[in-house]
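Report on the structure
Below, each chain spelled out in residue letters.
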Amino acid sequence: MSPFSTFAPAHRAAALFGLCAAIACSWNQRALAGANPPDDAPAPDAAVSDKPDKQGAGADKEGAKPEEPAGSGNPAAAETPEAPPQKADPKLLDAALQQFYANDFRDAAPMFYAYLEGSPPTDENYAWAQYFLARSLRELGLTHAAGYYLARIARERSNPAVLPRALEELRVLTELPHDETMIDEQIFGSLDLGFLPPEIAAYAHYQQGLIALKVGNERWAKNHFAKLDETSPEASRARFALLVTRLKHAKKVDDDLIDAFYELSRDPKLTPAMKNESLLAVARLKYEKQDYEGALKAYAEVKLPPLDPGQATLYLEEAWARYQLGQLHEAMGLLTTLDAPSFRDEFLPDKYLLRAFIYRDLCHYLPAKRAAKELNRRFADSLEAIHDRTDLAEDLRLRRAAMATGGTHRAAQFLQTLELEGERLGKYAGSFGDRLFPHLVKLYDLAHAEAQRVFQERLAEAVRHEADKLLRAAEQVRLMDYEVGLKLYERVKKGAKLVTPKEEQALKDDEVAFRFDGEYWNDELRTYRFHLESRCMEDTAQ
Amino acid sequence: MRPARVVMLIGILAGAFPSAALAQYESLENPGSVSAVQERLYRMNHELDLGVGVLPLDAFYKGLAVQVGYTYHFTDSFAWQIARGTYSYSVDTGLREQLERDFGVDPTVFEEVEWMAGSDLVWSPFYGKLAVMNQRVVHFAAFLSLGGTVLKMNVGFRPGIAVGAGLRVFQNKWVSFRLDGVDNVVIADGPRVLHVPTLFLSTALNFGATE
């Protein structure tokens, strides 16, 4: 047994954190940071309360209050008050549609906008104009603006014929980085689901169930999930979400929960990523219960697409499981995998520690010391930043680690999308004219400011978590350094012999070996086998 | 030897063999060796080949040939091509016509292969993979073959020894493509030795391979 018993809780924490990340992933990037829906039930009226109004203070009212000055992002527009828009000619919509169906979205978008500006929201074609404006904007690569108009259709519900189409478009948009509050929380999370087509309703029920789970209301979540067709993919995903939530709140992990995850991993309706998450959950839980063989079986069942490098955490966890089973050489093979360029930017302080453990257990004490100190060397800047109590978000390694997964990752992606689309919008300055362009500039400016705030908030929390992880590993390194120092100067008893070397596993008939010379091939990442003879004397062998 | 001299000697040796010193340093820094041990992705068992090829060497004619063969693979590296049969269609190069017309040479002295049949032992010591545009991995095997051939020529039957080398590129578990170059060393009248090289590109269908 390793004297560093503090590893176990650290690893457990890491595993649980991984599961939490799994929840976030499994929710298909739709978990809602800062979401605060009512406890008892989804509230459709609350949907229109907060952020979109803030985001589109001027933009929201281009139909209802056309005199609202638009384009605060444009100084020139801000200096000279704009003339109120003229009443829209009904022929304008026909002309815009003609442009739309001629795939001339650049010209169609300002015409739809002009129609919206010049028409009251009660106009029978108002929602259609919003819908086609959204589609034009999406075609032009302005997904956030498109989402904004689609969300407005969903909130205003002025035309039942347009609503299902708008929701379907929104559902597609959720597969890209998007405003989670505006779309997930305030639209799908708060819809009155009575009259929706079954597919949209299933998606919305699933989303609402997730939100209920997120705020800890499992009963409401089950209510929503119960309305899903048992054979639908959403039902499988809902089962996964429920299991993850049960796990999160479980004080003790029972076998039923593990079996449930395992059964779910065989559900053909689940996406491959979710199947893998289920298997990882099984593996982590078995590890927690010290069933390392069982954990290894679960890891082995994780299926990766051909030539996919896979996840660094998968390899590291498998390496720990093998280490616990005494399979030192196999564990070291997996650590070799983690040195591959695909994982060079991964934040895995444990990797150095495990390598040091393995060298130590094989009585190669100097390499063990070196491997342990490699952690201090590699993360010297980050450790210094932590000790100096500087802003951790400024540290590149910690920042990158924090942004790699979970809500921070999604927030960073959305922020990046807004920046990209903001630049793209500049290209349409001439085509969009002096009304739509300033309006969109303002929309993007506000969205960017909010996205930046959310990102910074999540980043601050995530870097703290990563810093904790690093500090724990650094502490282990100090202990390791001390212990190895003692071992180095341990006296060898007279007549002591080297332990009998473990017989190397011979190649089977159906196996082929490629000697590793530093060049990584993705198809080999899970197959590295390490060879190093133990130097332990019989009385010190572990 | 005194310690100072030993140190000096080591220093001189290390200077003389910098790569050896570097390797030693590396092995001290990161002791141990690593290999990627993988299950063979492609294993052959009963193989049926269908190929097209040429008999390119003869200056008087070129043979356009088709070949069919059956090979049984005992192991991943050793196989017996139990039977192969080749039919060759001769295309005159014009040289024969020129010789007949200008020099009156008797046409019967020109020997042409009409068909041939044989059997070979195949040894595949090489198995590897190639990265294609950093997007795909292609597995291949290279092999050597040695066997006997009977050639039916326009002047009669001739025995021969077939010595060859080839390359197999795997498409999937059931289909692979072979490039075979074989030299048929034929004992002709005289006695004299006649070389009949062949070059074939074949599609190989694999049956009964285990995972």
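Reference entry: report on the structure contained in this document. (Residues numbered from 1 in each chain as written. Chains lettered and ligands numbered in written order. Predicted model: local features only at pLDDT ≥ 70, side-chain atom pairs only at ≥ 80, totals over all residues. Heavy atoms only, no water.)

Some points on the pairing of strand 1 (residues 33-39) of chain B
Across a regular strand the side chains alternate sides, sitting on one face of the sheet and then on the other. This is how it is decided: Think of it in three bands: residues with accessible area under 20% of the maximum for their type are buried, residues over 50% are exposed, and the middle band is partly exposed, with areas taken using a 1.4 Å probe on protein chains only. In this text, helices come from DSSP runs of H or I with a minimum length of four residues, and strands from runs of E with a minimum of two, each type numbered from the N-terminal end. A pair of strands is labelled paired if DSSP reports no fewer than 2 bridges between them.
Of all seven residues in strand 1 of chain B, five are buried; the element is thus mostly enclosed. One ladder, built from four bridges, connects strand 2 (residues 528-531) of chain A with strand 1 of chain B; its direction is antiparallel. Counterpart to Phe530 of chain A in the pairing with strand 1 of chain B is Val34 of chain B.

As for the sheet that holds strand 1 of chain B
For clarity, the cut-off: Each axis is a line fitted through C-alpha atoms, and for a helix only the stretch in contact is used; angles between axes span 0 to 180 degrees, taken between their N-to-C directions. Contacts are residue-level and defined by heavy atoms, with any inter-residue pair within 4.5 Å sufficient.
The strand order across the open sheet built from three strands is 1(A)-1(B)-2(A), with neighbouring strands paired in antiparallel fashion. Because the sheet does not close on itself, it has two edges, and the strands there are strand 1 (511-515) and strand 2 of chain A. Sheet twist, expressed as the mean angle between neighbouring strand axes with direction ignored, is 35°. Its contacts with the sheet put helix 17 (residues 328-338) of chain A on strand 2 of chain A together with strand 1 of chain B, and the angle it makes with strand 2 of chain A is roughly 120°.

Here we look at the environment of Met403 of chain A
With respect to the secondary-structure elements, Met403 of chain A resides in the loop between helix 21 (396-402) and helix 22 (406-427). Between the C-alpha atoms of Met403 of chain A and Trp521 of chain A, which are 118 residues apart in sequence, the distance is 27 Å.

Thoughts on the packing of helix 14 (residues 272-288) of chain A against helix 15 (residues 292-301) of chain A
All names here are of chain A. The line we're drawing: For classification, angles of less than 35 degrees are called roughly parallel, those exceeding 145 degrees roughly antiparallel, those between 65 and 115 degrees roughly perpendicular, and all remaining angles oblique. Crossing handedness follows the turn of the near helix against the far one: under a right angle anticlockwise gives a left-handed crossing, and clockwise gives a right-handed one. We call Asp, Glu, Lys and Arg charged. Ala, Val, Leu, Ile, Met, Phe, Trp, Tyr, Cys and Pro are nonpolar, and the rest, Gly among them, are polar.
At a closest axis distance of 8 Å, the pairing of helix 14 and helix 15 adopts a crossing angle of 165°. In terms of axis orientation, helix 14 runs roughly antiparallel to helix 15. Relative to helix 15, helix 14 is oriented so that their crossing is left-handed. Between helix 14 and helix 15, the contacting residues are Leu279, Leu280, Val282, Ala283, Arg284, Lys286 and Tyr287 on the first element and Tyr292, Gly294, Ala295, Ala298, Tyr299 and Glu301 on the second. Partitioning the contact of helix 14 with helix 15 into residue classes produces nine nonpolar, one polar and three charged.

What about the interface of chain B and chain A?
Which entries qualify depends on this criterion: Buried surface area refers to the total accessible area, computed with a probe of radius 1.4 Å, that the two partners give up upon joining, counted for both partners together. What makes a salt bridge here is a side-chain nitrogen of Lys or Arg within 4 Å of a carboxyl oxygen of Asp or Glu, nothing more.
Contact residues are listed per partner, giving 23 residues for chain B and 24 residues for chain A. Contact with chain A buries area across many residues of chain B, yet Val34, Val37 and Gln38 of chain B alone supply 29% of it, more than any other trio. Where chain B packs against chain A, one counts two salt bridges. With a shortest N-O distance of 2.7 Å, Lys129 of chain B and Asp523 of chain A are connected by a salt bridge. Mapped onto the side of chain B that touches chain A, the elements with two or more residues apiece are helix 2 (18-29), strand 1, strand 5 (113-132) and strand 6 (136-153) of chain B. At seven residues, strand 1 of chain B tops the list of elements feeding residues into the side of chain B that touches chain A. Within the side of chain B that touches chain A, the residues separate by chemical class into nine nonpolar, seven polar and seven charged.

Here's the deal with the packing of aromatic side chains
The geometry of an aromatic ring pair is captured by the separation of the ring centres together with the interplanar angle, meaning the angle of the planes. As a reminder of what qualifies: A pair of Phe, Tyr and Trp rings is counted when the ring centres sit within 6.5 Å of each other, with Trp represented by its six-membered ring. The angle between the planes then sorts it: under 30 degrees is stacked, over 60 is edge-to-face, the rest tilted. For a Lys NZ or an Arg CZ to count as sitting over a ring, it must be within 6 Å of the ring centre and within 35 degrees of the ring normal.
Counted by the stated rule, this structure contains 29 aromatic pairs over all chains. Centre to centre, the rings of Phe100 of chain A and Tyr101 of chain A are 5.2 Å apart; their planes meet at 90°, and the pair counts as edge-to-face. Judged by relative accessible area, Tyr101 of chain A falls into the exposed class, the value being 59%. Sitting above the plane of the Tyr127 of chain B ring, Arg40 of chain B keeps its charged end 4.2 Å from the centroid. Positioned above the aromatic ring of Phe514 of chain A is the side chain of Lys129 of chain B, whose terminal nitrogen or guanidinium carbon lies 4.5 Å from the ring centre.

Things to note about the sheet that holds strand 2 (residues 46-55) of chain B
Residue and element names in this part refer to chain B. Around the barrel, eight strands lie side by side as 2-3-4-5-6-7-8-9; this closed barrel has antiparallel pairing. With strand direction ignored, the average angle separating the axes of adjacent strands in the sheet is 25°. Judged from the 14 bridges that link them, strand 8 (residues 175-188) and strand 9 (residues 192-207) form a sheet pairing that is antiparallel. Paired with Leu179 across the strands is Leu201, a residue of strand 9.

Observations regarding the state of the cysteines
Residues and elements named next belong to chain A. Using the following cut-off: Criterion for a disulfide: a pair of cysteine sulfur atoms at a distance within 2.5 Å.
This structure, assessed with the given rule, holds one disulfide over all chains. Across the disulfide from Cys363 sits Cys536; the S-S distance is 1.9 Å. One quick way to see it: the torsion about the S-S bond of Cys363 and Cys536 is about 100°, and its sign makes the bridge right-handed. On the criterion of sequence distance, the pair formed by Cys363 in the loop between helix 18 (349-361) and helix 19 (365-378) and Cys536 in the segment after strand 2 is long-range, its members being 173 residues apart. Note on Cys363: relative accessible area 8%, which makes it buried.

Describing unusual backbone geometry
Located in the positive-phi region is Gln290 of chain A, a residue other than glycine, with phi close to 65°. If you trace the backbone, Gln290 of chain A turns up in the loop between helix 14 and helix 15. Here Met133 of chain B, not a glycine, exhibits a phi torsion of approximately 50°, which is positive. Inspection of the secondary structure assignment puts Met133 of chain B in the loop between strand 5 and strand 6. On the accessibility criterion, Met133 of chain B (74% relative accessible area) is exposed.

Overview of the packing of helix 6 (residues 126-139) of chain A against helix 8 (residues 163-173) of chain A
The description of two helices packed together rests on the angle between their axes and the distance between the axes. Residues and elements named next belong to chain A. One way to put it is that helix 6 packs onto helix 8 with a least axis distance of 11 Å and a crossing angle of 25°. Judged by the inter-axis angle, helix 6 sits roughly parallel to helix 8. For the pair helix 6 and helix 8, the crossing hand works out as left-handed. Contacts from Trp128, Tyr131, Arg135 and Arg138 in helix 6 reach Arg165, Ala166, Glu169 and Leu173 in helix 8.

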